[in-house]
Structure formats: structure tokens, C-alpha cells
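# Inside the fold
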Amino acid sequence: MRRLLTAFSTVLLSAAAVVGVAPTAVAAGDRDIRAVLDTVPGLTVVSEDPAPAGFRFFELTFTQPADHRNPHGPAFQQRFTLLHHDFSAPTVAFTSGYNVSTAPNRSEPTRIVDGNQLSMEYRYFAPSRPEPADWSRQLTIWQAAADEHAAVQAFKRIYPGKWLATGASKGGMTATYFRRFFPGDVDGTIPYVAPNDVIDPLDRYNDFLAHVGDPACRASLKAIQRDALKRRGELGELAKADAAKNGYTFSTVGSVDKSLEISVIDSYFAFWQYQPASACASVPKPGAPAADVWAWFEQVESLNTYSDQQLEPYVPYYYQAAVQLGSPEAYDSYLRDLLRYPGADVPATFVPPSVKLPRFDYLAMPDVDFWVKTQGKQLLFVYGSNDPWGAEPFELGFGSKDSYRYFVPGGNHGSNIAQLPAAQSAEATATIRRWAGLPAQPSPSARSATAGFPGFDADPLTAERPRL
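Described in the following lines is the structure provided in the data block.

This part covers the packing of helix α8 (residues 215-230) against helix α11 (residues 290-300). The relative placement of two packed helices is expressed as an angle between their axes plus a distance between the axes. Taken N-terminus to C-terminus, the directions of α8 and α11 make an angle of 120°; their axes are 12 Å apart at the nearest point. By the angle between their axes, α8 is oblique relative to α11. Every pair of crossing elements has a handedness; the one defined by α8 and α11 is left-handed. Two secondary-structure elements touch here, α8 through Leu221, Ile224 and Ala228 and α11 through Val293, Trp296 and Phe297. Its residues placed into classes, the contact of α8 with α11 shows six nonpolar, no polar and no charged.

Quick look at the structure:
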């Protein structure tokens, strides 16, 4: 189905970057982008899809080694998309950290610099998965960073100008790890709402959750959680009916009841992750009709979230959380007397038994954290002040050069630069444009040329698990 090339070509590109030799750029000139793409080793154009005027949009696959430490071994096809605007424009490497979107969306940095965008699917998210899969050797933050490195080096043949890297949530983490392992590949990195789960004897997440928002809202959320667990019989019947309707099974977590309990625990975190503080007014009161309680959870955290069918696409995330990324401790002390499965709300619960988990890597996150503080350059982090994932953010240190961090007041997990106070938004925008080699503000003609694409400029945040 997809054209394969030996991993040797990819290795040559990677080796050129390691020794500081840039790949030879393709003389684009007036050549058609479709023809230029055919010159990139290992790249296959799957289709060209509709795009707004002034842009062309392609679905692609790119040959990657299953194990970058064994480049002559098995390879797999990684899904990409390319939004082409101009050969001479800056280019943004985007990843959600999950599946790639096949819609021609532009991330906020891409809009800011009016550039091209190369979007990458994270390895092991289907169909970008090696076969046979060797999870412990192939699914690591370094392997994923090496994927992005190979891709950026290959596409610099087409786009020799300035490059930026970005992503949100797990994508923001991915962009940061990419910069840590290959710091010279891009000219700036803009991670959004990226947690930094360094092992900490004090769980900052739970302290954050104990104080976020106002006391009345926190109390109402805890009250409906306790009410739901006390009424798990009638809510469980609704969950079973929904599971039967949708064909859900629960072999990974064990039962529909266990899925319900974990979902109830997670709903407090999920509320602050995605809902505005104003949504506190919609929290049902204890004793509300079961149908109303079910409907509220469907908006915040479905009680069937942990069915096999809903878990399956995200197993690569839960695997990495269990072996490298880390995760928050469950915020459930006030529910302990109602729990049947205490201690089950951990990433390992959501990984099928067929996928073996190696010992947790306690060095991975501290290594990245230390690099950001001592050697990080041209990093711009954006967080939301109400987002639980910002409880343990990346922190800049004495060695962080030309780097910045912003918090959107009252912002949640969808926070971005446009939501910052006007002065900070302008400052961050000017910084990104400077890294891209552009003047601080675009000309009026440039602004009008790419304005007004309904449904096009929305940030391409993949629908994530409620916990990340």
C-alpha cells in the first residue's frame, strides 16, 4: 500500500544532521510542490486533499526505522500531513503526541508565522506502528524524537528556511523532548499545556486540585462524585445499557463497575482540565435524577471511558505514562470509604496484559527537566492557570536562554497565546516571529491574505483522554 525505502536513506539524513551538515535543499523555484515531494527519499504521497486558497494539503507516509539504534533493521510507515503555503516561508513541525489529524488545520504558531506545517503521527498510534511491535525498545521518548529529527531533516530539502516545533499537551511534551535530544533542528519550540512529571515527594497535582477554583465549586464536584458512587447500582445499569448499545467490553480494566469507579474519580480532574469555572453552576445536586447525573458525566468524563474500545487507541500513551512519562496520583482521599478498587487508577491498569511493562525509567523526566533549566534555548511554554496539567509545569532555570513561560488567567487545557493578556500575547507573538526571522508584526496585506477560513484555523488538538 505504501512505498518503502531502505532505512539507509533515513540514516544518511540523520547522520548529516549529527555532524552539522544540512541536507541539500531542493531548488524549488516555480516547481510544483507535488513534484518536489517525489524527490524526498522515503516519502510517499498518499493523497492530495482540498485546502483553502493559497494552500495545498497532502497526506503522506514516511519510512522510519522501527528502532533508530538499528537503522538497517525493520522499518515502518509513519503518517504525516503537509500543509504547503510557500517554499520560502517558515515551517512548523507539529505533533499532537497522538494520531495525526487528516484535516488541514493550522496550529497557532503556524498562523502566527503564516507558514507551512508538517504534522506527524506519534509512533505506535495506529496505523504508524511497527510490526512486529517491540514496545520496550521502540516506544520511548528518544525514539519518537528521532522520528521527528529524521522527518525535519528530510523536509529541510524542501523548506530550507526557519523551523519551529510545537504541540499541545502530550504534543507539547513531545516537542520539548525533540528539542532536548536534537537541539539544533529547529529555531524555536512552543509547547502548550505540557506537563513535566518529574518525580516529586510532594504531589503538586493533588495540592493544586485541593485549591483550584472556589470552595463552593470544589464542594459541589466532590458531592456529585460521592453521590454517584453511592448510586453506582442505578448508574451502573445506565452504563451497561450504553455499553450494550455501543458494543463496549471491559476486559482490560476488568468490569463496567471498575470503569465507572475510575471515571468518577477522574471526573474532578477532567472538569478543571476542560471546563470553564462558570460550568460549576451546571453540576447536578446529590439526589438528582440518574439520567441527569449520567448526562453530566457524559459531558465531563463518560462513565464508560475505560471500555476496551475507548482505551485501545490510547494504549501507547498509557504505556509511556507507565514506563517513562509518569502521571498524577489519583485525587480520591475523600472517596476512599466508597471505593471498591482502591489504587486502580494508575496507567498500568489501562494497558492490556498482552503488552508487557518494563521497569519504570526514573531518569527520563529528570533528564529533560535538567536540560530545560540548564541548556534550553528558544523555548516558549504556555499554560492555563486552572488546568491541572499545569500543576507541574516545565520551569526555566539559570541556563535557559531566550526562553519564556506564560499562564493564561483562568485558562484550562485549551489555553493558547491569543488568550493571554494583550501585552503578553503581543510579546509572545513577537518572540515567535523573531525566531522565524520575521518582523514583529505581519503587514496588513499578509494578515488579510490568510484571514477568514471558517473551520480551518482551529488548533488541531486531538481529542485526548480526559487525564491527558
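Attention now moves to unusual backbone geometry. Trans is the prevailing form of peptide bonds, just as negative phi is the prevailing case for residues other than glycine. Omega for the bond connecting Ala126 with Pro127 falls within 30 degrees of zero, at 5°, which places this linkage in the cis form. Its place among the elements puts Pro127 in the loop between β5 (116-120) and α4 (135-138). The omega angle of the peptide bond from Glu131 to Pro132 is 0°, so this bond is cis rather than trans. Among the structural elements, Pro132 can be located in the loop between β5 and α4. With phi around 60°, Ser169 is a residue other than glycine that occupies positive phi space. Take Ser169: it is sitting in the loop between β6 (163-168) and α6 (170-181). Here Ser169 falls in the buried class, since its relative accessible area comes to 1%.

With the rule as written, the count across this model stands at 21 salt bridges. Among the salt bridges present, the one from Arg232 reaches Glu261, with a minimum N-O distance of 2.7 Å. A residue pair is termed long-range when its members are at least 10 positions apart, and Arg232 in helix α9 (residues 232-246) and Glu261 in helix α10 (residues 256-274) qualify at 29 residues. Of the two residues, Arg232 and Glu261, neither departs from the other in class, the shared state being buried. One network of salt bridges, with partners in common, ties together Arg232, Asp257, Glu261 and Arg340.

Right, let's get into the nonpolar core. Counting residues in each nonpolar core, the largest one holds 78 residues, and the members touching the most others are Phe271 and Trp272. For this core, the leading source of residues is α10, giving 10 residues. Contact partners of Trp272, with chain neighbours within four places excluded, come to Leu209, Val212, Gly213, Cys217, Arg218, Leu221, Ala277, Cys280, Asn386, Asp387, Pro388 and Asn412. Ranked by size, the runner-up nonpolar core spans 29 residues in total, among them Val40, Leu82, Met120 and Ala150.

The subject of this paragraph is the packing of α10 against α11. Running from N to C, α10 and α11 point in directions that differ by 55°, and their axes come no closer than 9 Å. Between α10 and α11, the angle is such that the two are oblique. As for how α10 packs across α11, the hand of that crossing is left-handed. Of α11, the residues touching α10 (which contributes Val264, Ser267, Ala270 and Phe271) are Trp296, Phe297 and Val300.

This next bit is on the environment of Leu379. Tracing the chain through its elements places Leu379 in the loop between α14 (364-374) and β8 (380-384). On the basis of relative accessibility, which here comes to 0%, the residue Leu379 falls in the buried class. Considering only alpha carbons, one finds Leu379 and Leu396, 17 residues apart in sequence, at a separation of 9.1 Å. Apart from residues lying up to four places away in sequence, Leu379 is in contact with Arg179, Thr189, Trp371, Val372, Asp402, Ser403, Tyr404 and Trp435.

Thresholds applied
- Residues numbered from 1 in each chain as written.
- Predicted model: local features only at pLDDT ≥ 70, side-chain atom pairs only at ≥ 80, totals over all residues.
- Heavy atoms only, no water.
- Axes fitted to C-alpha atoms, helices over the stretch in contact; angles between N-to-C directions.
- Helix = DSSP H or I, 4+ residues; strand = E, 2+ residues; numbered from the N terminus.
- Parallel < 35°, antiparallel > 145°, perpendicular 65-115°, else oblique.
- Left-handed = near helix turned anticlockwise from the far one by under 90°.
- Contact = heavy atoms within 4.5 Å.
- Nonpolar A, V, L, I, M, F, W, Y, C, P; charged D, E, K, R; others polar.
- Buried < 20%, exposed > 50% of the residue type's maximum accessible area, 1.4 Å probe, protein only.
- Salt bridge = Lys/Arg side-chain N within 4 Å of Asp/Glu carboxyl O.
- Core = buried A, V, L, I, M, F, W, Y, C linked by side-chain atoms within 4.5 Å.

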